[in-house]
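Residues per chain, in single letters:
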Amino acid sequence: MRTVALFGTPLRRQHSVVMHNAAFAAAGLDARYELREVDAAGLVAQVGQARLEGWMGFQITAPHKRFVMDLLDEIEPDARRIGAVNSVAAGPDGHLVGFNTDVLGFMAGLRACHPGDLAGRSVVVAGSGGVGHAAVYGLAATGVGRLTVADLDVAMPRGLAEEFAGFAEIEPMALADPRVARRLAEADVFVNATSVGMLTPGPVVDVALLDPAATVFDVVYIPTETELVRQARARGMRAANGDRMLVAQAATAWTHWTGLPDPTEVMSAAVAPLLARADLAP
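Just so you know, these numbers come straight off a predicted model, no measurement behind them.

Rules used throughout
- Residues numbered from 1 in each chain as written.
- Predicted model: local features only at pLDDT ≥ 70, side-chain atom pairs only at ≥ 80, totals over all residues.
- Heavy atoms only, no water.
- Pairing = 2+ DSSP bridges.
- Helix = DSSP H or I, 4+ residues; strand = E, 2+ residues; numbered from the N terminus.
- Axes fitted to C-alpha atoms, helices over the stretch in contact; angles between N-to-C directions.
- Salt bridge = Lys/Arg side-chain N within 4 Å of Asp/Glu carboxyl O.
- Buried < 20%, exposed > 50% of the residue type's maximum accessible area, 1.4 Å probe, protein only.
- Domains from an automatic or database assignment.
- Contact = heavy atoms within 4.5 Å.
- Buried area = accessible area lost by both parts, 1.4 Å probe.
- Polar contact = N/O pair within 3.5 Å; in protein donor to acceptor, adjacent residues only side chain to side chain.
- Core = buried A, V, L, I, M, F, W, Y, C linked by side-chain atoms within 4.5 Å.
- Expected span 1.5 Å × (residues − 1).
- Arc of directions from axis to C-beta.

J.: Where do I start with the sheet that holds strand β8 (residues 147-151) in this structure?
T.: Two strands in a sheet stick together by hydrogen bonds in their backbones, pointing the same way (parallel) or opposite ways (antiparallel). As summarised here, the arrangement of the six strands in space is β9-β8-β7-β10-β11-β12, forming an open sheet in which the pairing is parallel. A strand with exactly one partner marks an edge of an open sheet, and here the two such strands are β9 (170-174) and β12 (238-240). The average angle at which neighbouring strand axes cross in this sheet is 15°, direction not considered. Pairing of strand β10 (residues 189-192) with strand β11 (residues 215-218) involves four bridges; the strand directions are parallel. By the bridge assignment for β11, Val191 is matched with Phe217.

Put into structure tokens, the structure is as follows:
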């Protein structure tokens, strides 16, 4: 049996395990996905084990998405530009190639509620961490117009703007900046790329500040309807949570490892009961 594992700490949820193992079973593959909580030293050891034992690959979540890059043989260009790896493919000779599924997952989730053209649109993103990086990268690649990134401390979106200079023009702001209200009123799309609504009460911004014609996308997938999404829908706005992003990220990695057809339908059906369980919400 070939191994695939998710490395990180803490690892509290079984969503990835359920999705990947359902897809392996449906395809008749002798492979198993598992969770392994590791610190930085443990990650080094696990990556070495993956090389020696001929794993299919592995995935990485917080807090190791940047650190793991120094342990790999090759990093795909998109992951290099984003500055984070969340998935690794292992070759038969132990050659490890890092890639990032966050961008494809984010765009799949966003397009589920905003199928129209994003070119020239005004977008506000709350959050400049790992998911924020992926969101901004994906949005910039579609040719959006004004792209504002806001966070608690303006230093974080300012750093993101500097990282992406030459690729994307980003307007960094602190969430408390009075100009944020004006940008929200002018936005065609608002994205919550923070954990607000999952780990802390939400919404991250006052939904009433948004144009009712705007689209709201919340990367949070637990609970199934965050306060941000609930309030947006109550105003008749197009809104979605991060469940499709979750599945798309997993499916992208799985096809990368196996070379087999997209397992989205199998993964979606397998994870649906977990997503519906209120007792799994924080």
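J.: Just checking my understanding: could you explain the pattern of salt bridges for this structure?
T.: Opposite charge on two side chains permits pairing when their charged atoms draw close. Tallying each qualifying case throughout the model produces 11 salt bridges. For Glu186, the salt bridge identified is with Arg183, shortest N-O distance 3.5 Å. Here the residue Glu186 and the residue Arg183 both occupy positions in helix α7 (residues 179-186), the gap between them amounting to three residues, near one helical turn. For Arg233, the salt bridge goes to Glu225, with nearest N and O atoms at 3.1 Å. Classification of Glu225 by relative accessible area gives partly exposed; the value is 36%. Several salt bridges converge on common partners, so that one network encompasses Arg146, Glu171, Arg183 and Glu186.

J.: Even after reading the chapter, I still don't get the domain arrangement of the protein chain, so can you show me in this structure?
T.: Each domain of the protein chain was delimited in the assignment, giving domain 1 (2-99 + 244-280) and domain 2 (103-240). On a C-alpha basis, the centres of domain 1 and domain 2 stand 26 Å from each other. With 15 residues of domain 1 at the contact, the number on the domain 2 side is 20 residues. Regarding the contact of domain 1 and domain 2, the summed buried area is about 1,500 Å², with carbon and sulfur atoms giving 72% of it. When the area that domain 1 buries against domain 2 is broken down by residue, the three leading residues are Arg81, Ile82 and Met245, summing to 43%. For the pair domain 1 and domain 2, the number of links is one salt bridge. Where Glu163 meets Arg66, a salt bridge forms, and the shortest distance between an N and an O atom there is 4.0 Å. Where domain 1 packs against domain 2, one counts two residue pairs in polar contact (both at pLDDT 80 or more). When residues of the side of domain 1 that touches domain 2 are traced back to their parent elements, those giving at least two are α3 (77-82), α9 (243-258) and α10 (264-276). With six residues, α9 is the single largest residue contributor to the side of domain 1 that touches domain 2.

J.: When you look at the nonpolar core in this model, what are you seeing that I'm missing?
T.: Most often, soluble globular proteins have nonpolar side chains that are buried together. Grouped together as the largest cluster of nonpolar side chains are 31 residues, with contacts concentrated most on Phe106, Leu110, Val125, Leu139, Leu147, Ile170 and Phe217. Broken down by secondary-structure element, the contributors of at least two residues to this core are α4 (102-113), β7 (123-126), α5 (130-141), β8, α6 (155-163) and β10. A per-element tally of this core places α5 first, with six residues. Among the domains, domain 1 (2-99 + 244-280) and domain 2 (103-240) are the pair contributing at least three residues each to this core.

J.: Explain helix α2 (residues 40-53) here, please?
T.: A rise of 1.5 Å per residue sets the reference length of α2, with its 14 residues, at 20 Å; its end C-alpha atoms lie 20 Å apart and thus fit the reference within 8%. Inspection of α2 places Leu43, Gln46, Val47 and Ala50 among the buried residues, and these make up the whole buried set. Relative to the axis of α2, the buried residues are bounded by an arc of 105° and lie together on one face. For α2, the exposed residues lying more than 90 degrees away from the buried face are Ala41, Ala45, Leu52 and Glu53. Those residues of α2 hidden inside the fold are in contact with β1 (2-8), β2 (31-37), β3 (57-60) and β6 (96-99). Two or three places before Ala41, at the opening of α2, Asp39 has a side-chain oxygen 3.3 Å from that residue's backbone nitrogen. Looking one or two residues beyond α2, the residue adopting positive phi is Gly54, at roughly 70°.

J.: Would you take a moment to explain α5 for this structure?
T.: Counted at 1.5 Å a residue, the expected span for α5 with its 12 residues is 16 Å, and the 17 Å between its end C-alpha atoms agrees. Of all the positions in α5, only Gly132, His133, Ala134, Ala135, Val136, Tyr137, Gly138, Leu139 and Ala140 are classed as buried. Considering only its buried residues, α5 is in contact with α3, α4, β7, β8, α6 and β9. Two residues or fewer after α5 comes Gly143, characterised by a positive phi angle close to 85°.

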